[in-house]
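Survey of secondary and tertiary structure
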Amino acid sequence: MKIFNTIPFLIILFTSFLGSSCSHKDEAYLGWSDQQLHIKATVASAYASPTIYWQNKDSFALFIKPRGSAGFTSLVETNRKYTYNSNLSIFELQGNSIYYPQSGNIDLIAYAPYKNDVTSNYAIDVRNQADQKAIDLLYSNTTKEINKSNTTASLSFNHQLSKVVFHLQNSDGTHTGLETINIEMQGFYDRADFNLTT
């Protein structure tokens with residue numbers, strides 16, 4: 001009977017040890033530090049662009065790769081979603097925290113607005129322009145060679161699409177009769193794939 005009484009104790013002890021061995025501090029032995037990655041994001045202004053300032057619940061996606069690695073072949077983080085909290089004026093990461101590596105540098109690549117099925121190509125479709133902000137592609141790939149000494153990483157987004165605005169008026173400077181004019185532009189693509197890796 002002593003043997004049967006000892007077995008459950010050993011099982012509980014072993015499983016408890018496994019559960020406690022997965023804390024983040026132990027990840028330092030796997031190459032990760034205790035320094036969390038915090039993000040600050042800005043958008044370059046563009047004339048007539050619908051996206052100049054972040055609004056509540058705006059989101060972007062972040063990819064992280066080792067410094068200088070080619071393409072997305074060695075990603076550390078893939079399509080991680082950040083959402084803007086206008087009350088706190090910060091972007092909040094959805095899901096588990098991201099930590100800097102214990103040593104070495106990383107490069108950051110990001111795009112907005114966020115899509116949950118993006119791997120390396122972002123599908124552009126501007127056929128429906130009822131909500132222009134939803135199709136206004138922003139891209140950032142200039143935050144490179146950062147490490148755990150950079151407590152906050154800064155992303156600078158740039159607009160990847162151009163908006164064409166027509167200002168119409170009659171020869172006398174009035175706008176009478178121009179309310180229902182349709183303008184058709186030819187020779188433009190309305191769908192494309194944007195390669196995030198280049």
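Bear in mind that the values here come from a model prediction, so they are computed numbers and not experimental data. (Residues numbered from 1 in each chain as written. Predicted model: local features only at pLDDT ≥ 70, side-chain atom pairs only at ≥ 80, totals over all residues. Heavy atoms only, no water.)

Following alanine 112, the chain continues to proline 113 via a peptide bond in cis, the omega torsion being -5°. By the element assignment, proline 113 lies in the loop between strand 7 (106-112) and strand 8 (121-125). The phi dihedral of lysine 57 falls on the positive side, at around 75°, and the residue is not glycine. The backbone of glutamate 145 sits at a positive phi, close to 55°, despite the residue not being glycine. (Helix = DSSP H or I, 4+ residues; strand = E, 2+ residues; numbered from the N terminus.)

Here we take up the confidence of the model for the protein chain. Per-chain confidence: the protein chain averages 83 in pLDDT, with 81% of residues scoring 70 or above. Contacts of residues 1-30 to residues separated by more than four positions or lying in other chains number nine contacts, the stretch itself having pLDDT below 50. (pLDDT = per-residue confidence, 0-100. Contact = heavy atoms within 4.5 Å.)

Below, the discussion takes up the sheet that holds strand 9 (residues 138-146). Strand order in the open sheet formed by seven strands is 2-10-9-7-3-4-5, with mixed pairing between adjacent strands. The open sheet is flanked by strand 2 (38-43) and strand 5 (90-93), the only strands paired with a single partner. With direction set aside, neighbouring strand axes in the sheet form an average angle of 30°. Inspection of the sheet shows strand 2 paired to strand 10 (residues 152-159) by six bridges, in the parallel sense. Considered in strand 10, the bridge of lysine 40 is made with serine 154. (Pairing = 2+ DSSP bridges. Axes fitted to C-alpha atoms, helices over the stretch in contact; angles between N-to-C directions.)

This part covers the side chain of aspartate 58. With respect to the helices and strands, the residue aspartate 58 is situated in the loop between strand 2 and strand 3 (59-66). Under the relative-accessibility criterion, aspartate 58 is labelled buried at 14%. With residues up to four places along the chain from it excluded, the contact list for aspartate 58 reads Tyr53, Tyr82, Thr83, Tyr84, Phe91 and Lys133. (Buried < 20%, exposed > 50% of the residue type's maximum accessible area, 1.4 Å probe, protein only.)

Looking now at the nonpolar core. One finds Phe60, Leu62 and Phe157 to be the most contacted residues of the largest nonpolar core, which totals 22 residues. When contributions to this core are tallied by element, the ones reaching two or more residues are strand 2, strand 3, strand 4 (77-85), strand 7, strand 9 and strand 10. Broken down by element, this core gets its largest block of residues, four residues, from strand 7. Contacts of leucine 62, omitting those with residues within four sequence positions, involve Leu37, Ile39, Glu77, Thr78, Asn79, Arg80, Tyr82, Ile98, Leu108, Ile109, Ala110 and Leu155. One finds Phe63, Phe72, Ile124 and Ile135 within the second-largest nonpolar core, a separate group that totals 14 residues. (Core = buried A, V, L, I, M, F, W, Y, C linked by side-chain atoms within 4.5 Å.)

Bringing the pattern of salt bridges into the picture now. Taken as a whole, this structure holds four salt bridges when the rule is applied. Linking arginine 80 and glutamate 77 is a salt bridge whose minimum nitrogen-to-oxygen distance equals 3.0 Å. We classify arginine 80 as buried; its relative accessible area is 15%. Its relative accessible area of 18% is what places glutamate 77 among the buried residues. A salt bridge links aspartate 190 to arginine 191; the shortest N-O distance between them is 3.3 Å. (Salt bridge = Lys/Arg side-chain N within 4 Å of Asp/Glu carboxyl O.)

To continue, consider the packing of aromatic side chains. A complete count under the given rule lists ten aromatic pairs for this structure. Between tryptophan 54 and phenylalanine 157, the aromatic rings sit 5.6 Å apart at their centres with planes inclined by 80°, giving edge-to-face as the arrangement. With tryptophan 54 in the loop between strand 2 and strand 3 and phenylalanine 157 in strand 10, this pair connects stretches of sequence that are 103 residues apart. The class of tryptophan 54 is buried, set by a relative accessible area of 15%. Aromatic pair phenylalanine 63 and tyrosine 111: ring centres 6.3 Å apart, planes at 35°, arrangement tilted. Remark: tyrosine 111 occurs in strand 7 and phenylalanine 63 occurs in strand 3; sequence separation between them is 48 residues. The rings of Trp54, Phe60, Tyr82, Tyr84, Phe91 and Phe157 are connected pair by pair, giving a single aromatic cluster. (Phe/Tyr/Trp six-rings, centres within 6.5 Å; stacked < 30°, edge-to-face > 60°.)

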